[in-house]
Amino acid sequence: MTTIAGMVRTLAAAVLLVAVAACGGPAAHSASPVPSPSHSSAPSTTPTASASSAPDDETVDLVTSGFGSYDLQVYPVAVLHNEASAHIAAGVVVNFTVRFPGGGYSLASEPVSLAPGETLAVTALCTDSCEGATSTDVSVTVGAWQAGERTVISATAATYACGSPCAGSVGYEGDVSATLSGQVASGTLVSVSATCEDGTGAIVGGGLLQTVWPGGGSTAASVPVLVSAPPALCQLYATDVN
């Protein structure tokens, strides 16, 4: 026979079980940590491409210099190279100082522009003020750097023809001829420079001629040169006059 005291004990035990179940419900879930999202907020270590891996080299180098002379005339010559890959060297002026026994004479070239990566010869005519030339000093100034491209006029291998007087003289005249090519508008004024080198690569001749581009993609050109020693190699360089 169940007594009132037994019923009370049974009821208390039931209440206790319910309380334990209620308190222990969340503990039934796994204690394993929740996996983190697959992406990470940490910066990536993989390098990304950039528009330019290095700044442009805005430099005009002096490749070589020298002079050609005959009688009372001298052509000091400088061959320049634009090291920039994406900028035009504009308003480039070469300042020559022609040396001779007892002094020197300074003169400047006409301004030119060099396309990115272009090599161009620059010269100027000096008359009796440079008589007896023995060497020439060169300095180069750049007016401005401009982003972009410009037409480059190329030349085929040149031929040299000796003029009168010819080999055997201290100095003499000649002609350097080649075919010029470029996307140049008809009627454009073009400056054509000639250089001549001896067997050691030293410049011993130079010349300059301005002509009007006749149209089309190419044209023949011949430039009178003054040569102070027999040349082994001559070349033509051309640029539009801006």
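Residues numbered from 1 in each chain as written. Predicted model: local features only at pLDDT ≥ 70, side-chain atom pairs only at ≥ 80, totals over all residues. Heavy atoms only, no water.

Student: What's the story with the side chain of Thr188 in this structure? I'm lost.
Tutor: Structurally, the position occupied by Thr188 is in the loop between strand S11 (172-181) and strand S12 (189-197). A polar contact of 2.8 Å, which involves the side chain of Thr188, links it to the backbone oxygen of Ala185. In this structure, Thr188 is in contact with Thr211, Val212, Trp213 and Asp240, ignoring residues within four places of it in sequence. (Helix = DSSP H or I, 4+ residues; strand = E, 2+ residues; numbered from the N terminus. Polar contact = N/O pair within 3.5 Å; in protein donor to acceptor, adjacent residues only side chain to side chain. Contact = heavy atoms within 4.5 Å.)

Student: Looking at this model, I keep getting lost on the nonpolar core. Mind explaining?
Tutor: Across soluble globular proteins, nonpolar side chains show a tendency to be buried alongside one another. Leu80 and Leu114 are the most contacted members of the largest nonpolar core, which totals 24 residues. Secondary-structure elements contributing two or more residues to this core are strand S1 (60-70), strand S2 (73-82), strand S3 (87-100), strand S5 (112-114) and strand S6 (119-123). Sequence-distant contacts of Leu80, that is, excluding residues within four places in its chain, are made with Val60, Asp61, Leu62, Val63, Val92, Val94, Leu114, Glu118, Thr119, Leu120, Val122 and Val140. Residues Tyr172, Val176, Cys234 and Ala238 belong to the second largest nonpolar core, which totals 19 residues. (Core = buried A, V, L, I, M, F, W, Y, C linked by side-chain atoms within 4.5 Å. Buried < 20%, exposed > 50% of the residue type's maximum accessible area, 1.4 Å probe, protein only.)

Student: What am I meant to see in the sheet that holds S2 here?
Tutor: Within a sheet, neighbouring strands are paired by backbone hydrogen bonds and run either parallel or antiparallel to one another. Taking strand neighbours across the sheet as the criterion, the three strands line up as S1-S2-S6 in an open arrangement whose pairing is antiparallel. At either end of the open sheet lies a strand with only one pairing partner, and these are S1 and S6. Strand-to-strand, the axes of this sheet are offset by a mean angle of 20°, without reference to chain direction. Where S1 lies against S2, 10 bridges are found, and the strand directions are antiparallel. Paired with Tyr70 across the strands is Gln73, a residue of S2. (Pairing = 2+ DSSP bridges. Axes fitted to C-alpha atoms, helices over the stretch in contact; angles between N-to-C directions.)

Student: Where do I start with the pattern of salt bridges in this structure?
Tutor: Opposite charge on two side chains makes pairing possible when the charged atoms of those side chains draw close. Tallying each qualifying case throughout the model produces two salt bridges. Notably, a salt bridge pairs Asp137 with Arg99, separated by 2.8 Å at the nearest N-O pair. One end of the pair, Asp137, is in strand S7 (residues 135-141); the other, Arg99, is in strand S3, with 38 residues separating them in the sequence. The class for Asp137 is partly exposed, based on a relative accessible area of 35%. One salt bridge in this structure joins Asp240 and Arg150, with 2.3 Å as the shortest N-O distance. With Asp240 in strand S15 (residues 233-240) and Arg150 in the loop between strand S8 (144-147) and strand S9 (154-155), this residue pair connects regions lying 90 residues apart in the sequence. Judged by its relative accessible area of 17%, Arg150 falls in the buried class. (Salt bridge = Lys/Arg side-chain N within 4 Å of Asp/Glu carboxyl O.)

Student: Explain the state of the cysteines here, please?
Tutor: Going through the model one piece at a time under the given rule, you end up with two disulfides. One disulfide bridge connects Cys126 with Cys130, the sulfur atoms lying 1.9 Å from each other. Because the torsion about its S-S bond is 85°, the bridge between Cys126 and Cys130 counts as right-handed. For Cys130, a relative accessible area of 0% gives the class buried. Across a sulfur-sulfur distance of 2.1 Å, Cys196 and Cys234 are joined as a disulfide pair. Since a negative S-S torsion denotes a left-handed disulfide, the Cys196-Cys234 link at about 105° is right-handed. (Disulfide = S-S within 2.5 Å.)

Student: What am I meant to see in the environment of Pro101 here?
Tutor: The residue Pro101 is located in the loop between S3 and strand S4 (103-108) in this model. For Pro101, a relative accessible area of 66% gives the class exposed. Spatially, the C-alpha atoms of Pro101 and Thr134 are 7.5 Å apart, while their sequence positions differ by 33 residues. In this view, Pro101 contacts Gly132 and Thr134; residues no more than four positions away in its chain are not counted.

Student: Looking at this structure, how should I read a nonpolar patch on the surface?
Tutor: Taken together, the side chains of Leu189, Val212 and Val241 make up a nonpolar region of the molecular surface, amounting to roughly 220 Å² of accessible area. Along the chain, Val212 falls in strand S13 (residues 203-212). (Patch = residues over 30% accessible without salt bridge, like charges linked within 9 Å, V, L, I, M, F, W, Y side chains within 5 Å. Areas by Shrake-Rupley, 256 points an atom, 1.4 Å probe, with all protein chains shown as cover.)

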